[in-house]
Amino acid sequence: AEEGWGGDLYEFKIQYSTNFGEEMYLVGSADELGAWDLSRKVHMAWNKDNYWTVKIQIPADRKAVEYKFIVGHNGNNRWEGGQNHRFELTGGRCVLSVWEQGSTAIF
């Protein structure tokens with residue numbers, strides 16, 4: 001990763017079948033993930049096969065982040081259950097998570 005450009009790039013990815021009109025969001029402990037403030041949640045992009053993704057730059061000095069996925073529709077937010085997803089910041093990568101299972105696979 002290059003220095004001085006706001007951190008390493010992380011791609012968050014989850015496969016989830018939303019209902020019509022629903023959108024997927026991410027919120028978490030780091031400022032870049034909204035610092036658990038729903039008004040600052042990060043919108044994810046839908047991709048084929050119902051994969052939702054977003055790429056976020058996170059500075060390495062955050063050490064580790066925790067996050068959850070949220071399904072939003074008309075101002076209503078449905079939080080993912082289970083434990084927070086968590087990972088150490090060790091350079092940019094794709095983080096594939098599984099909704100509500102609490103398991104996170106690192107690629």
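Located above this text is the structure these notes cover.
These numbers come from a predicted model, not from an experiment. (Residues numbered from 1 in each chain as written. Predicted model: local features only at pLDDT ≥ 70, side-chain atom pairs only at ≥ 80, totals over all residues. Heavy atoms only, no water.)

Draft legend 1. How the structure looks around the packing of aromatic side chains. Summed over all chains, the structure comprises 6 aromatic pairs. Between the aromatic rings of F12 and Y67, the centroid separation amounts to 5.0 Å while the plane-to-plane angle is 75 degrees, which identifies the pairing as edge-to-face. Taken as a pair, F12 in strand β1 (residues 8–15) and Y67 in strand β6 (residues 64–73) lie far apart in primary sequence, 55 residues in all. Comparing F12 with Y67 shows no difference in burial state: the two are buried. Measuring from centroid to centroid gives 5.6 Å for Y67 and F69, while their planes differ by 90 degrees, and the two rings are edge-to-face. Just as Y67 is buried, F69 falls in that class too. Grouping aromatic residues by their ring pairs yields a cluster made of Y10, F12, Y67, F69 and F87. In this structure, K41 packs its charged tip against the face of Y25, placed 4.7 Å from the ring centre. (Phe/Tyr/Trp six-rings, centres within 6.5 Å; stacked < 30°, edge-to-face > 60°. Helix = DSSP H or I, 4+ residues; strand = E, 2+ residues; numbered from the N terminus. Buried < 20%, exposed > 50% of the residue type's maximum accessible area, 1.4 Å probe, protein only. Lys NZ or Arg CZ within 6 Å of the ring centre and 35° of its normal.)

Draft legend 2. Just the environment of K68, in detail. Topologically, K68 is positioned in strand β6. Residues K68 and W79 lie 11 residues apart in sequence; the distance between their C-alpha atoms is 7.3 Å. A distance of 3.3 Å separates a polar side-chain atom of K68 from the backbone oxygen of E80. (Polar contact = N/O pair within 3.5 Å; in protein donor to acceptor, adjacent residues only side chain to side chain.)

Draft legend 3. Main features of the pattern of salt bridges. Under the criterion given, the structure shown has 6 salt bridges. Taking the shortest distance from any N to any O, the salt bridge between D61 and R62 comes out at 3.8 Å. Note on R62: relative accessible area 32%, which makes it partly exposed. Across the pair R86 and E66 runs a salt bridge whose closest N-O atoms are separated by 3.7 Å. Note that R86 is positioned in strand β8 (residues 85–88) and E66 in strand β6, a separation of 20 residues in sequence. (Salt bridge = Lys/Arg side-chain N within 4 Å of Asp/Glu carboxyl O.)

Draft legend 4. Examining unusual backbone geometry more closely. A positive phi angle, close to 50 degrees, is found at A35, a residue other than glycine. Note on placement: A35 falls in the loop between β2 (23–28) and β3 (42–43). Even without being a glycine, N50 presents a positive backbone phi close to 60 degrees. Considering the arrangement of structural elements, one finds N50 in the loop between β4 (45–47) and β5 (51–58).

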